[in-house]
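# Secondary and tertiary structure notes
Below are the chains, spelled out letter by letter.
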Amino acid sequence: MNSGIIELTKLDTRKILINPAAIESVEANPDTVIILTTGRKLLVKEKLEEIYTKINGGL
């Protein structure tokens, strides 16, 4: 598993950097929601599969 930071896009098009270790879960319902270990929820444009690929070392 890649421990590097990943870049995602919030719904308002702002780019954010996330440490994958801080991600508790990712849901697609229909928007993609990232739930952090702190309980904070983030809505992002990327699809669940894209996030999975980024976390596991894909481009």
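Right above here is the structure, for reference.
Keep in mind it's a predicted model, so treat the numbers as computed, not measured.

Next up on the list: the pairing of strand β1 (residues 6-9). As judged from the four bridges shared by β1 and strand β2 (residues 15-18), these two strands associate in the antiparallel manner. Counterpart to Ile6 in the pairing with β2 is Ile18. Where β1 folds back on β2, the antiparallel hairpin that results is connected by five residues, among which Thr13 adopts a positive phi of roughly 75°.

What follows covers the nonpolar core. In terms of nonpolar packing, the biggest core is built from 11 residues, these being Ile6, Leu8, Ile16, Ile18, Ile23, Ile34, Leu36, Leu42, Val44, Ile51 and Ile55. Elements represented by at least two residues in this core include exactly β1, β2, β4 (32-36), β5 (41-44) and α1 (48-55). Sequence-distant contacts of Leu8, that is, excluding residues within four places in its chain, are made with Arg14, Lys15, Ile16, Ile18, Ile34, Val44, Glu46, Ile51 and Lys54.

Before going further, it helps to spend a moment on the pattern of salt bridges. The tally for this structure, following the rule as stated, stands at two salt bridges. Note that Glu7 and Lys15 form a salt bridge whose closest N and O atoms lie 3.8 Å from each other. Arg14 is the partner of Asp12 in a salt bridge, and the nearest nitrogen-oxygen pair spans 2.8 Å. Judged by its relative accessible area of 42%, Asp12 is partly exposed.

Strand order in the open sheet formed by three strands is β3-β4-β5, and the pairing between neighbours is antiparallel. In this open sheet, the two strands that pair with only one neighbour each are β3 (23-28) and β5. Pairwise comparison of adjacent strand axes, ignoring direction, gives a mean angle of 20° for this sheet. As judged from the five bridges shared by β3 and β4, these two strands associate in the antiparallel manner. Looking at β4, one finds that Ser25 is bridged to Ile35.

Definitions and cut-offs
- Residues numbered from 1 in each chain as written.
- Predicted model: local features only at pLDDT ≥ 70, side-chain atom pairs only at ≥ 80, totals over all residues.
- Heavy atoms only, no water.
- Pairing = 2+ DSSP bridges.
- Helix = DSSP H or I, 4+ residues; strand = E, 2+ residues; numbered from the N terminus.
- Core = buried A, V, L, I, M, F, W, Y, C linked by side-chain atoms within 4.5 Å.
- Buried < 20%, exposed > 50% of the residue type's maximum accessible area, 1.4 Å probe, protein only.
- Contact = heavy atoms within 4.5 Å.
- Salt bridge = Lys/Arg side-chain N within 4 Å of Asp/Glu carboxyl O.
- Axes fitted to C-alpha atoms, helices over the stretch in contact; angles between N-to-C directions.

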